[in-house]
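One-letter residues, chain by chain:
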Amino acid sequence: MSDKSSSDQPDLPALSDDELRETLDRLAALSLDMSDRLEEQTKAINRISTATSEARRAAQAAKDQTNPETYGELVGATIDGKINDNLARMGRMATDLLKVSNRTQEVLKKAEDDTSAALRDIWEREQKADRLKSRLPWFGLGAVVLALAMSVLLPRFLASNAATCAVLGAMWTTTTTGVDACVFYAE
C-alpha cells in the first residue's frame, strides 16, 4: 500500500485521553443540545399542527355557516321549532277556548230554559189569578147566600140539642105535646 491515504481526510495527530474525554463530553453536550432543540421543534411543529387543524376546522365551520343550503336548513329548523311550539300552544289555547265556549253555551241554554220555565210559571199563575177574578163575584154571591142561610138555619140547628141550647142562654124543655124545645124566657 502506499503511504498516502486515499481518503480526503487529512492525517491528524492522535488525541490524548483527556482530549478524547473532553471531545466526548462536547459531543454529548452537543447531542443533548440538539435533542433539546429537536424536542422544542417537535413541540412547535405539534403546536403548529394543532393550530392548523383548528384553523382547518374553523374554516370548515365558516364554510358550512356561509353555505346557503346549510344555513337555510339551520334557519328552517329553528323557525320550524319555534313555529311548532307556538302552533302547539295555540292549539291548546283553541281547545281550551272551545271547552269554555261549550260550557258557556250549556250555561246559557240552562239559563234560557230556567227563564222559560219561570215565565211559564208566572203565566200559569196569572191565568189562575184571572180565573179566580172571574169567579170572585160568584164566590161573593155564594158567601151572601150562605150567610143568609146560616142566619136562618144556624139558630134552628143550635136549638136542636140541649148542650147548644144552654150555650145560647136558653132552656131545654119538653112541651105539653111531648116535643123537646129550646125556649127563651123573658124576665
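The rules behind each value
Residues numbered from 1 in each chain as written. Predicted model: local features only at pLDDT ≥ 70, side-chain atom pairs only at ≥ 80, totals over all residues. Heavy atoms only, no water. Helix = DSSP H or I, 4+ residues; strand = E, 2+ residues; numbered from the N terminus. Buried < 20%, exposed > 50% of the residue type's maximum accessible area, 1.4 Å probe, protein only. Contact = heavy atoms within 4.5 Å. Disulfide = S-S within 2.5 Å. Polar contact = N/O pair within 3.5 Å; in protein donor to acceptor, adjacent residues only side chain to side chain. Patch = residues over 30% accessible without salt bridge, like charges linked within 9 Å, V, L, I, M, F, W, Y side chains within 5 Å. Areas by Shrake-Rupley, 256 points an atom, 1.4 Å probe, with all protein chains shown as cover. Salt bridge = Lys/Arg side-chain N within 4 Å of Asp/Glu carboxyl O. Lys, Arg positive; Asp, Glu negative; His and termini not counted. Charge placed at Lys NZ, Arg CZ, Asp CG, Glu CD. Pairing = 2+ DSSP bridges. pLDDT = per-residue confidence, 0-100.

A. Representation of the overall build of the protein. In terms of regular secondary structure, the protein is built from 3 helices and 2 strands. Principal axes of the C-alpha set define a box for the protein whose edges measure 215 × 45 × 30 Å. Residue burial in the protein is summarised as follows: out of 187 residues, 2% are buried. Counted over contacts in the protein with a minimum sequence separation of 6, partners at least 24 positions apart contribute 0%.

B. Local environment of the state of the cysteines. For the structure shown, the criterion picks out 1 disulfide. The disulfide bridge from Cys165 ends at Cys182, spanning 1.9 Å between sulfur atoms. Here the disulfide of Cys165 and Cys182 is right-handed, its torsion about the S-S bond being about 90°. Of this pair, Cys165 sits in helix α3 (residues 162–168) while Cys182 sits in strand β2 (residues 180–183), and the two are 17 residues apart along the sequence. What makes Cys165 buried here is its relative accessible area of 0%. Taking relative accessible area as the criterion, Cys182 reaches 17% and is therefore assigned buried.

C. Representation of the environment of Glu22. By the element assignment, Glu22 lies in helix α1 (residues 17–66). With 82 residues separating them along the chain, Glu22 and Thr104 place their C-alpha atoms 108 Å apart. A polar contact of 2.6 Å, which involves the side chain of Glu22, links it to the side chain of Arg26.

D. Representation of a nonpolar patch on the surface. On the surface, Tyr71, Leu74, Val75, Ile79, Ile83, Leu87 and Met90 cluster together to form a nonpolar patch covering roughly 660 Å² of accessible area. Its place among the elements puts Ile79 in helix α2 (residues 68–158). Judged by relative accessible area, Ile79 falls into the partly exposed class, the value being 42%.

E. Spotlight on a positive patch on the surface. A surface patch of like charges, here positive, comprises Arg125, Lys128, Arg131 and Arg135. Its place among the elements puts Arg131 in helix α2.

F. Structural detail: the pairing of β2. As paired elements, strand β1 (residues 171–174) and β2 share 4 bridges and run antiparallel to each other. Residue Trp172 lies in a different strand from β2, and its bridge partner there is Cys182. From the end of β1 to the start of β2, which pair antiparallel, there are 5 residues, and Gly178 there has a positive phi angle of about 90°.

G. Focus on the pattern of salt bridges. A complete count under the given rule lists 7 salt bridges for this structure. The shortest N-O distance in the salt bridge between Asp18 and Arg21 comes to 2.9 Å. Linking Asp18 with Arg21, this pair stays in helix α1, spanning 3 residues, or about one helical turn. In this structure, the salt-bridge partner of Asp113 is Lys109, at a minimum N-O distance of 3.5 Å. Placement of both Asp113 and Lys109 in helix α2 is noted, with a separation of 4 residues, approximately one turn of the helix. On the accessibility criterion, Asp113 (39% relative accessible area) is partly exposed. By relative accessible area, which is 46% here, Lys109 ends up partly exposed.

H. Spotlight on the environment of Met34. Looking at the secondary structure, you find Met34 in helix α1. By relative accessible area, which is 43% here, Met34 ends up partly exposed. Each C-alpha atom, one on Met34 and one on Val75, is 55 Å from the other, the two residues being 41 residues apart in sequence.

I. Expanded view of the confidence of the model for the protein. Of the residues in the protein, 95% have a pLDDT of 70 or more, and the chain-wide mean is 84. Within the protein, the lowest mean pLDDT, 83, falls on α3, and the highest, 87, falls on α2.

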